[in-house]
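# A look at the structure
Here are the chains, one letter per residue:
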Amino acid sequence: QVQLVESGGGLVQAGGSLRLSCAASGRTFSSYVMGWFRQAPGKEREFVATISWSGGSTYYADSVKGRFTISRDNAKNTVYLQMNSLKPEDTAVYYCAAPDTWYSGSYLPSSAYDYTYWGQGTQVTVSS
């Protein structure tokens, strides 16, 4: 049973920064792609970023490119999302996710349907 636990959310002013963490357990973390998604009130869950099993490849949504950075520490079974230059429209519950399928890194899934395991989410609120 894969378990994902997010932390690091909170309230921040526009232009500020936050770093989210997601601790994984239950299988070989280092073998799998990891992703971050978010869901704002009244909106569908949307893709934010994903990272290959080795950390060598990343892919971002256009809305966060250049502001957010996804990274991982396989020794700590943890994936991170560094969020800089935050905007009020970044306000959402942020989820980390893991697929059940192994991806080599040449393809990084960005659809929520490609991910099987989800954390409980952490709230990020950006005030204007």
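The coordinates are above.
The model shown is predicted, which means the values in this text are computed figures rather than measured ones. (Residues numbered from 1 in each chain as written. Predicted model: local features only at pLDDT ≥ 70, side-chain atom pairs only at ≥ 80, totals over all residues. Heavy atoms only, no water.)

### Thoughts on the nonpolar core
Core analysis: the largest hydrophobic core is formed by 36 residues, its most contacted members being Trp36, Leu81, Met83 and Tyr94. Of all elements in the fold, only β3 (18-25), β4 (34-39), β5 (46-51), β7 (68-73), β8 (78-83), β9 (92-98) and β11 (122-127) reach the threshold of two or more residues within this core. Among the elements that take part in this core, β9 stands out by supplying five residues, more than any other. Excluding anything up to four places from it in sequence, leucine 81 contacts Leu18, Arg19, Leu20, Trp36, Val48, Ala49, Phe68, Thr69, Ile70 and Tyr94. (Core = buried A, V, L, I, M, F, W, Y, C linked by side-chain atoms within 4.5 Å. Buried < 20%, exposed > 50% of the residue type's maximum accessible area, 1.4 Å probe, protein only. Helix = DSSP H or I, 4+ residues; strand = E, 2+ residues; numbered from the N terminus. Contact = heavy atoms within 4.5 Å.)

### Observations regarding the pairing of β4
Judged by how many residues are buried, β4 sits mostly within the fold: five of six residues are covered. Judged from the five bridges that link them, β4 and β5 form a sheet pairing that is antiparallel. Of the residues in β5, the one forming a bridge with methionine 34 is isoleucine 51. Bridging between β4 and β9 involves five bridges; their strand directions are antiparallel. Its bridge partner lying in β9, glycine 35 is registered against alanine 97. (Pairing = 2+ DSSP bridges.)

### Notes on the packing of aromatic side chains
For the coordinates displayed, the defined rule picks out seven aromatic pairs. Positioned above the aromatic ring of tryptophan 118 is the side chain of arginine 45, whose terminal nitrogen or guanidinium carbon lies 4.6 Å from the ring centre. Over the aromatic face of phenylalanine 29 sits the side chain of arginine 72, whose NZ or CZ is 4.4 Å from the ring centroid. (Phe/Tyr/Trp six-rings, centres within 6.5 Å; stacked < 30°, edge-to-face > 60°. Lys NZ or Arg CZ within 6 Å of the ring centre and 35° of its normal.)

### Let's talk about the sheet that holds β3
The four strands lie next to each other as β1-β3-β8-β7, forming an open sheet whose pairing is antiparallel. One side of each edge strand has no neighbouring strand; the edge strands of this open sheet are β1 (3-7) and β7. Taken pair by pair, the neighbouring strands of this sheet meet at an average axis angle of 15°, ignoring direction. Here five bridges tie β1 to β3, and the two strands are oriented antiparallel to one another. By the bridge assignment for β3, glutamate 6 is matched with cysteine 22. (Axes fitted to C-alpha atoms, helices over the stretch in contact; angles between N-to-C directions.)

### A word on empty space enclosed by the protein
The tally for this structure, following the rule as stated, stands at one cavity of 30 Å³ or more. Considered as a void within the structure, the largest cavity measures approximately 60 Å³ in volume. In terms of lining residues, the largest cavity is bounded by Val2, Leu4, Ala24, Ser25, Arg27, Phe29, Tyr32, Met34 and Ala98. A per-class count over the lining of the largest cavity returns seven nonpolar, one polar and one charged. (1 Å grid on protein atoms, 1.4 Å probe; cavity = no way out; pocket = protein on both sides within 12 Å on 5 of 7 lines; lining within 4 Å. Points joined across faces, edges and corners; volume = space filled by probe spheres on them. Nonpolar A, V, L, I, M, F, W, Y, C, P; charged D, E, K, R; others polar.)

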